[in-house]
Amino acid sequence: MFASAPFGVARLDGADPARSIIEDANPALVQLSGGAALPGKAFESLFDWSLGDSAEAAFAAAMSGRSEPVALKLKSSDGLRDVHLFLSPARSGKRAAYLVDITALRELEGQYAQAQKLKAVGELVARVAHDFNNFLTAIRLNTDNLLLRHPVGDPTYPDLQNINGVVAQAAGRIKHLLAFARKQTLRVETVDLTETLADTVHLVRQSVEEWVRVEVRHGRDVPLVRIDKDELANALMNLATNARDAMAAKGRGTLTISTEGVDATIVRAAGAPDVKDGPWAAIHVADEGSGMDEATLEKIFEPFFTTKEPGKGTGLGLATVYGIVKQSGGFLFARSKPGEGTTFSIYLPGHTPDAEEIAKTEARKAEVPVQRKPADLAGRGRILLVEDEAPVRTITAATLKKRGYEVEQAEDGEEALAILEERPGEFDLIISDVVMPGLDGPGLLKAATQYLGNARVIFISGYAEEHFSHTLSADLDISFLPKPFSLEALAQRVKDELGR
């Protein structure tokens, strides 16, 4: 039993571990300690005491009779290993020490703590991004309204266009934040990674310097995946840009993008929890840059964290990649050591399309796109506008009224429900925000189903459509307009819905 035990066992020559030497050690302990646990060696010398309690305090806790183990750092040939120490009661003036390797457990605990931290940050970021999208929507609609009165040639026209340009830039940053929080709108489709990378690699080459050599290696038997092609390209562009910056000090280097088909075992081994069985697709992006230490690796996916000089990075690139991958049901990992470069690995679940999906795909390919742009965005109809942000509600209502619509306003779900109960079936269109205090948009529709009549529904939100689609009734045909939207986009969507 001593020789075959899967955990470390040492027989000590005394009752006090701090003053005892090893009489004998089983093979598991010898291997765990990298060959250091040999007979005649002081038991205390096996451990690193620079980061924790003294040997006396630790061994006293282990001998106190409590059932809890004592966590220590065991020296090994590959660095320090986390172990739990148990000490047997002293018999004939001697003790036995049992050491259980918990290094993998500690790594999992660290990964879980990091995941919880990122989740909390993501929720905060999503709330802030939602509020800012409301502000940007109000600014954009008011600016578009002013542009109608100050067209091209007016002295104020360039200034108003500059405001819209800044709004567009801010909306792009917020989109990055929502990507990190996994609440941006994705247009998911079935993707062949080999074809997608072939289309994307020229963009990657354009985003890096000429001294960066870009290599693409396509693996065999890579399964199809479900992802937004544009967002995948965005993720690869961000990774390529980071790789370029990491190799800038050398002024040379190779960026390698490779794919392979893997199974769930490989994904679990990389550190992913709750991995479903079946085929997976892997994308590896490797550079020959300066690399990162462990402390940096723990923070790289946090929004606004950057190792670049002030003014040379927003800290949103890797956070965006993280969000895109996680929202697509995948996992993202980074391996790096200082001076040895970095490899980012994206794992995406494989997808096997059924006959119906294949038929729809073929039909979509056969469709001829029709370009149309209506000359008149005015219309008629009764609209119930539900929006808790007063600036957004006011300008939206004014915009629609100018185009001939009758607009009733409600500042929250409760007020809207009361209006619908009092006037059932009177409205042709319901425009509602999704996230509101009290009764939110989806809750309003569920409560007011019997009062809607033939009214169509448009949801407006700074969150992704996927974030709330599971709460909607399958019987309702609902359109979605993400914030911030332009005056023209709003008028066009309303025209389209009421024209059906």
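Residues numbered from 1 in each chain as written. Predicted model: local features only at pLDDT ≥ 70, side-chain atom pairs only at ≥ 80, totals over all residues. Heavy atoms only, no water.

A. Focus on the overall build of the chain. What the chain contains, in helices and strands, is 15 helices and 17 strands. The proportion of buried residues among the 500 residues of the chain is 43%. Long-range pairs, those at least 24 residues apart, make up 66% of the contacts in the chain with a sequence separation of at least 6. When the accessible surface of the chain is summed, it comes to about 25,800 Å², and 52% of that surface belongs to carbon and sulfur atoms. (Helix = DSSP H or I, 4+ residues; strand = E, 2+ residues; numbered from the N terminus. Buried < 20%, exposed > 50% of the residue type's maximum accessible area, 1.4 Å probe, protein only. Contact = heavy atoms within 4.5 Å. Areas by Shrake-Rupley, 256 points an atom, 1.4 Å probe, with all protein chains shown as cover.)

B. Spatial organisation of the pattern of salt bridges. Evaluated as defined, the whole model comprises 17 salt bridges. Between Glu23 and Lys94 there is a salt bridge, and its shortest N-O distance comes to 3.0 Å. With Glu23 in strand E2 (residues 22-25) and Lys94 in the loop between strand E4 (79-87) and strand E5 (96-101), the pair connects residues that are 71 residues apart, well separated along the chain. When its relative accessible area of 37% is taken as the criterion, Glu23 is described as partly exposed. Lys94 sits in the partly exposed class, given a relative accessible area of 35%. Across the pair Glu215 and Arg213 runs a salt bridge, and its minimum N-O distance is 3.0 Å. Within this structure, Asp78, Arg81 and Asp101 form a network of salt bridges that share partners. (Salt bridge = Lys/Arg side-chain N within 4 Å of Asp/Glu carboxyl O.)

C. Expanded view of a negative patch on the surface. A cluster of acidic side chains, namely Glu107, Asp293, Glu294 and Glu298, defines a negative patch on the protein surface. Among the secondary structure elements, Glu298 is positioned in the loop between helix H8 (294-297) and helix H9 (317-327). (Patch = residues over 30% accessible without salt bridge, like charges linked within 9 Å, V, L, I, M, F, W, Y side chains within 5 Å. Lys, Arg positive; Asp, Glu negative; His and termini not counted. Charge placed at Lys NZ, Arg CZ, Asp CG, Glu CD.)

D. Structural context of the packing of aromatic side chains. Considering all chains together, one arrives at twelve aromatic pairs under this definition. Centre to centre, the rings of Phe7 and Tyr98 are 6.2 Å apart; their planes meet at 65°, and the pair counts as edge-to-face. With Phe7 in the segment before strand E1 (8-12) and Tyr98 in strand E5, this pair connects stretches of sequence that are 91 residues apart. By relative accessible area, which is 29% here, Tyr98 ends up partly exposed. Linked through ring pairs, Phe43, Phe47, Trp49 and Phe59 together constitute an aromatic cluster. Here Arg11 stacks its cationic end above the ring of Phe2, 4.2 Å away from the centre of that ring. (Phe/Tyr/Trp six-rings, centres within 6.5 Å; stacked < 30°, edge-to-face > 60°. Lys NZ or Arg CZ within 6 Å of the ring centre and 35° of its normal.)

E. A look at the sheet that holds E5. Taking strand neighbours across the sheet as the criterion, the five strands line up as E2-E1-E5-E4-E3 in an open arrangement whose pairing is antiparallel. Strands at the two margins of the open sheet, each flanked by one partner only, are E2 and strand E3 (70-76). When the angles between neighbouring strand axes are averaged without regard to direction, this sheet yields 35°. Here E1 pairs with E5 via four bridges, running antiparallel. Bridge assignment links Val9 to a residue of E5, and that residue is Tyr98. Running over the sheet, helix H2 (residues 55-62) touches E3 and E4 and is turned about 125° from E3. (Pairing = 2+ DSSP bridges. Axes fitted to C-alpha atoms, helices over the stretch in contact; angles between N-to-C directions.)

F. A look at the packing of helix H5 (residues 193-207) against helix H6 (residues 229-246). Contact pair H5 / H6: the axes reach a minimum separation of 9 Å and the direction vectors enclose 40°. Viewed along their axes, H5 and H6 adopt a mutual orientation that is oblique. Like other packed secondary-structure pairs, H5 and H6 cross with a definite hand, here right-handed. Of the residues in H6, those touching H5 at Leu193, Thr196, Leu197, Thr200, Leu203, Val204 and Ser207 are Lys229, Leu232, Ala233, Leu236, Met237, Ala240, Thr241 and Arg244. (Parallel < 35°, antiparallel > 145°, perpendicular 65-115°, else oblique. Left-handed = near helix turned anticlockwise from the far one by under 90°.)

G. Structural detail: helix H15 (residues 487-498). For H15, which comprises twelve residues, the first-to-last C-alpha distance of 17 Å matches the rise-based estimate of 16 Å (1.5 Å per residue) to within 8%. For H15, the full list of buried residues reads Leu487, Leu490, Ala491, Gln492, Val494 and Glu497. (Expected span 1.5 Å × (residues − 1).)

H. Layout of the sheet that holds strand E17 (residues 478-482). The strand order across the open sheet formed by five strands is E14-E13-E15-E16-E17, and the pairing between neighbours is parallel. Because the sheet does not close on itself, it has two edges, and the strands there are strand E14 (406-410) and E17. Ignoring which end each strand starts from, the neighbouring axes of this sheet average 20° apart. Together, strand E13 (382-386), E14 and strand E15 (429-433) form the strand contacts of helix H11 (residues 390-402), whose direction differs from that of E14 by roughly 170°. Across the sheet, helix H12 (residues 413-422) is in contact with E13, E14 and E15; its angle to E14 comes to roughly 130°.

I. Expanded view of the packing of H11 against H15. At a minimum axis distance of 11 Å, the contact between H11 and H15 shows a crossing angle of 60°. Here H15 runs oblique to H11, going by the angle between their axes. As for the relative orientation of H11 and H15, their crossing is right-handed in sense. Residues Thr396, Thr399 and Leu400 of H11 lie in contact with H15, whose contacting residues are Leu487, Leu490 and Val494. Classifying every residue of the contact of H11 with H15 gives four nonpolar, two polar and no charged. (Nonpolar A, V, L, I, M, F, W, Y, C, P; charged D, E, K, R; others polar.)

J. Here's a closer look at the confidence of the model for the chain. Averaged over all residues, the pLDDT of the chain is 83; the fraction at 70 or higher stands at 87%. Within the chain, strand E10 (residues 279-286) carries the highest mean pLDDT (94), whereas helix H14 (residues 465-468) carries the lowest (52). (pLDDT = per-residue confidence, 0-100.)

K. Summary view of the side chain of Thr143. The topology assignment puts Thr143 in helix H3 (residues 103-149). Residue classification places Thr143 among the buried residues on the basis of a relative accessible area of 4%. Non-local contacts of Thr143, meaning those with residues more than four positions away in its chain, are made with Leu160, Ile163 and Asn164.

L. Broad picture of the nonpolar core. Counting 36 residues, the largest nonpolar core has Leu193, Leu255, Ile283, Leu332 and Phe344 as its most contacted members. Among the secondary structure elements, those contributing two or more residues to this core are H5, strand E7 (212-217), strand E8 (224-227), H6, strand E9 (253-263), E10, H9 and strand E12 (342-351). In terms of residue count, the dominant contributor to this core is H6 (six residues). The residues touching Leu193, leaving out its near neighbours within four places in the chain, are Val222, Val225, Leu232, Ala281 and Ile283. (Core = buried A, V, L, I, M, F, W, Y, C linked by side-chain atoms within 4.5 Å.)

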